[in-house]
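Below, each chain spelled out in residue letters.
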Amino acid sequence: MSKNFLTHIKARFGDGHYEGDQFGGAGGHDGTGLPTGTPGNFMFATGVECSYPTIANGTIRRDLLAETDHYNRYKEDLGLVKEMGLKVLRYNLPYYLIHKGPGQFDWEFADLAMAEIKRLGITPILDLMHFGVPDWVGNFQNPELPVHFAEYCGAVAQRYPWVRFYTPVNEIYVTARASAKDGIWNEQLKDDRAFITAMKHITAASIMGNQQIARYRPDCIIVQSESAEYIHEMRAVESAEIRLQNKLRFLSLDLLYAHTIDAEVLLYCLDNGMTREEMKWFMAGEPPGYQIMGNDYYGRNEKIIKPNGDWCEAEDVLGWYTMTKQYYERYRKPVFHTETNTFNAKDAECWLWKQWVNVQRIRQDGVPVVGFTWYSLLDQLDWDISLREKRLKVNACGLYDLDRKIRPVGESYKMMIEEFGQITVVPHAEMFEFTSRPATLKVEK
């Protein structure tokens, strides 16, 4: 088997590129598939936590949908979304369960869940890969991943043609780092070459998946969630290691959006297995459809490293506003606050409102933020240790607990939605709304 992912893409899809609006792109939109309610409304959302990496050298599959009993209680859980007053939901169709092999799919649960989502009038942002792959694919070192994943994305788009919003791959950078640099999930490797291999395979999978979605839904809206991160180094002289880490946080989006790569990062990529041909492929152009940049932010995304090497959480030193401004100025994409929470239930209400203040401020300063997400609908399990062991410790960060009882932060989110639910995606856009019936001019005789 060839180790070059481009060989597999070319064998299946030619050179893997698209020309202009081959699959519709921005020119293909027909206006359908948008959230229900007043057209142009700001998108308040939540998500159902759904991670499914393998741990313990592949012997244990985490599946948060199973561990939180969502497979059995999906109707109840989707009903909670409506109860909250939300119209938008980040929702995953578990890739590892559905794609059984090339050309083989098991749609049983997906069909049930999607039918209920449609019945309730919820607009899904379909997340198609969330930290794991099917057993038969192996892991993110497999160069055939982009081809297999593209097939899956095309099959989903064909089966649910009413869906317009997608996140092909959730948090590409986090997936690559946790799997191939930090040694926590999936291949559990800890070296630079494995990290770059995972990064290029996952990003290529996202691009090829996006293309296949656009074949069947030319006006697709891609909400690319990515972790917004930064390390504050408390040393008089900046270390080369931390400087590089703070640059690598942009790598997944640089490759995805064909943004010019920093010279130091480019050398790092080339030194660790990225070929010139592969880099040219990534730099050929952006994927089709409308692209929204999703910024996930938790207080633990910012870290302080002390002179002795110890770490602590910086929590809100820069904050979502400053971090997102950095990403926006780099990519100039519409922004969606796609994830936030805190593990301290007592602080959750205050954290929610602090995040909303960040969103309001940055919108006032001209950054086009189109949505906000409290993640997740339900409490999570073991995210305090990044799922590295199966302890089943409850993280009290949901809008509802695992008994499906609303938490105070859920009540606060309801209050926020009631107060701000009618604001428009673009500030003051309500002034530019027109009725579908043209005005009639009366002429006096």
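Residues numbered from 1 in each chain as written. Predicted model: local features only at pLDDT ≥ 70, side-chain atom pairs only at ≥ 80, totals over all residues. Heavy atoms only, no water.

### A look at the overall build of the chain
Alright, step 1. Summing up its helical and strand segments, the chain has 15 helices and 17 strands in all.
Alright, step 2. Computed over the C-alpha atoms, the radius of gyration of the chain is 22 Å, within 12% of the 22 Å expected from 2.2 N^0.38 for a compact globule of 445 residues.
Alright, step 3. By principal-axis analysis of the C-alpha atoms, the chain measures approximately 80 × 50 × 45 Å.
Alright, step 4. Among the 445 residues that make up the chain, the fraction classed as buried is 56%.
Alright, step 5. Residue pairs at least 24 apart in sequence account for 76% of intrachain contacts in the chain once pairs closer than 6 positions are excluded.
Alright, step 6. A total of about 18,800 Å² of accessible surface is found on the chain, and carbon and sulfur atoms cover 51% of it. (Helix = DSSP H or I, 4+ residues; strand = E, 2+ residues; numbered from the N terminus. Rg over C-alpha atoms; globule rule 2.2 N^0.38 Å. Buried < 20%, exposed > 50% of the residue type's maximum accessible area, 1.4 Å probe, protein only. Contact = heavy atoms within 4.5 Å. Areas by Shrake-Rupley, 256 points an atom, 1.4 Å probe, with all protein chains shown as cover.)

### Observations concerning the sheet that holds strand β14 (residues 335-339)
Alright, step 1. The strand order β1-β4-β7-β8-β9-β11-β14-β15 describes a closed barrel built from 8 strands, whose pairing is parallel. Neighbouring strand axes in the sheet, compared pairwise and without regard to direction, differ in orientation by 25 degrees on average.
Alright, step 2. For β14 and strand β15 (residues 369-375), the ladder comprises 3 bridges, and the chain directions are parallel. Considered in β15, the bridge of V335 is made with V369. (Pairing = 2+ DSSP bridges. Axes fitted to C-alpha atoms, helices over the stretch in contact; angles between N-to-C directions.)

### Overview of the pattern of salt bridges
Alright, step 1. For the structure shown, the criterion picks out 28 salt bridges.
Alright, step 2. Taking the shortest distance from any N to any O, the salt bridge between R62 and D382 comes out at 2.9 Å. With R62 in the loop between β3 (60-61) and α2 (64-67) and D382 in the loop between β16 (380-381) and β17 (394-395), this residue pair connects regions lying 320 residues apart in the sequence. We note that R62, like D382, is buried.
Alright, step 3. In this structure, K393 and D384 form a salt bridge, with 3.4 Å as the shortest nitrogen-oxygen distance.
Alright, step 4. Judged by relative accessible area, which is 47%, K393 ranks as partly exposed. (Salt bridge = Lys/Arg side-chain N within 4 Å of Asp/Glu carboxyl O.)

### Notes on the sheet that holds strand β10 (residues 230-233)
Alright, step 1. Spatially, the 3 strands line up as an open sheet ordered β10-β12-β13, and their pairing is mixed. If you trace the sheet from one side to the other, it starts and ends with β10 and β13 (311-313), each paired once. If you compare each strand with its neighbour and ignore which way they point, the axes differ by 25 degrees on average.
Alright, step 2. Taken together, the 3 bridges between strand β12 (residues 302-305) and β13 define a ladder with antiparallel strand orientation. The partner of K303 across the bridge, within β13, is E313.
Alright, step 3. Sheet strands in contact with helix α9 (residues 240-248) are β10, β12 and β13, and its direction is about 155 degrees off that of β10.

### A few points about the environment of N272
Alright, step 1. With respect to the element layout, N272 can be found in the loop between α11 (263-271) and α12 (276-282).
Alright, step 2. Sequence separation between N272 and T197 is 75 residues; the distance between their C-alpha atoms is 8.1 Å.
Alright, step 3. In this view, N272 contacts D192, R193 and I196; residues no more than four positions away in its chain are not counted.
Alright, step 4. Within the structure, N272 has its side chain in polar contact with the backbone oxygen of Y268 (distance 2.9 Å). (Polar contact = N/O pair within 3.5 Å; in protein donor to acceptor, adjacent residues only side chain to side chain.)

### Focus on helix α1 (residues 5-13)
Alright, step 1. Those residues of α1 that sit buried are F5, L6, H8 and I9. The buried side chains of α1 occupy one side of the element, clustering within an arc of 160 degrees when seen end-on.
Alright, step 2. Those residues of α1 hidden inside the fold are in contact with α6 (145-159), α8 (192-216) and α12.
Alright, step 3. Two residues or fewer past α1, G14 is found with a positive phi of approximately 75 degrees. (Arc of directions from axis to C-beta.)

### Some thoughts on the confidence of the model for the chain
Alright, step 1. Taken as a whole, the chain shows an average pLDDT of 92; of its residues, 90% reach a score of 70 or greater.
Alright, step 2. Ignoring residues within four places in sequence, the model shows residues 19-32, a span with pLDDT below 50, making 26 contacts including any to other chains.
Alright, step 3. Every residue in residues 434-445 is under pLDDT 50, and counting partners more than four places away or in other chains gives 0 contacts. (pLDDT = per-residue confidence, 0-100.)

### Remarks on the packing of helix α14 (residues 348-364) against helix α15 (residues 408-420)
Alright, step 1. Where α14 contacts α15, the two axes come as close as 8 Å, and the packing angle between them is 30 degrees. Taken together, the axis directions place α14 and α15 in an arrangement best described as roughly parallel. The element α14 and its partner α15 pack so that their crossing is right-handed. From α14, A348, E349, L352, W353, W356 and Q360 reach across to α15, where they touch P408, V409, S412, Y413, M415, M416 and F420.
Alright, step 2. The class makeup of the residues in the contact of α14 with α15 is 10 nonpolar, 2 polar and 1 charged. (Parallel < 35°, antiparallel > 145°, perpendicular 65-115°, else oblique. Left-handed = near helix turned anticlockwise from the far one by under 90°. Nonpolar A, V, L, I, M, F, W, Y, C, P; charged D, E, K, R; others polar.)

### A closer look at unusual backbone geometry
Alright, step 1. Geometrically, the link from Y375 to S376 is a cis peptide bond, its omega value of 25 degrees lying close to zero.
Alright, step 2. Looking at the secondary structure, you find S376 in the loop between β15 and β16.
Alright, step 3. One non-glycine residue with positive phi stands out, namely F131, at about 75 degrees.
Alright, step 4. In this fold, F131 is placed in the loop between β7 (123-127) and α6.
Alright, step 5. Look at D382: it is not a glycine, yet its phi comes out positive at around 65 degrees.

### With respect to the packing of aromatic side chains
Alright, step 1. The full count for this structure, using the stated rule, is 26 aromatic pairs.
Alright, step 2. Each ring, one from F5 and one from W281, has its centre 5.7 Å from the other, and the planes form 80 degrees; the classification is edge-to-face. Here F5, found in helix α1, pairs with W281, found in helix α12; they are 276 residues apart in sequence, far enough to count as distant. Of the two residues, F5 and W281, both sit in the buried class.
Alright, step 3. Put simply, the rings of F42, F44, W356, F372, Y413 and F420 touch in pairs and so form one group of aromatic residues.
Alright, step 4. One Lys or Arg, K333, reaches over the ring of Y257 and ends 4.9 Å from the middle of that ring. (Phe/Tyr/Trp six-rings, centres within 6.5 Å; stacked < 30°, edge-to-face > 60°. Lys NZ or Arg CZ within 6 Å of the ring centre and 35° of its normal.)

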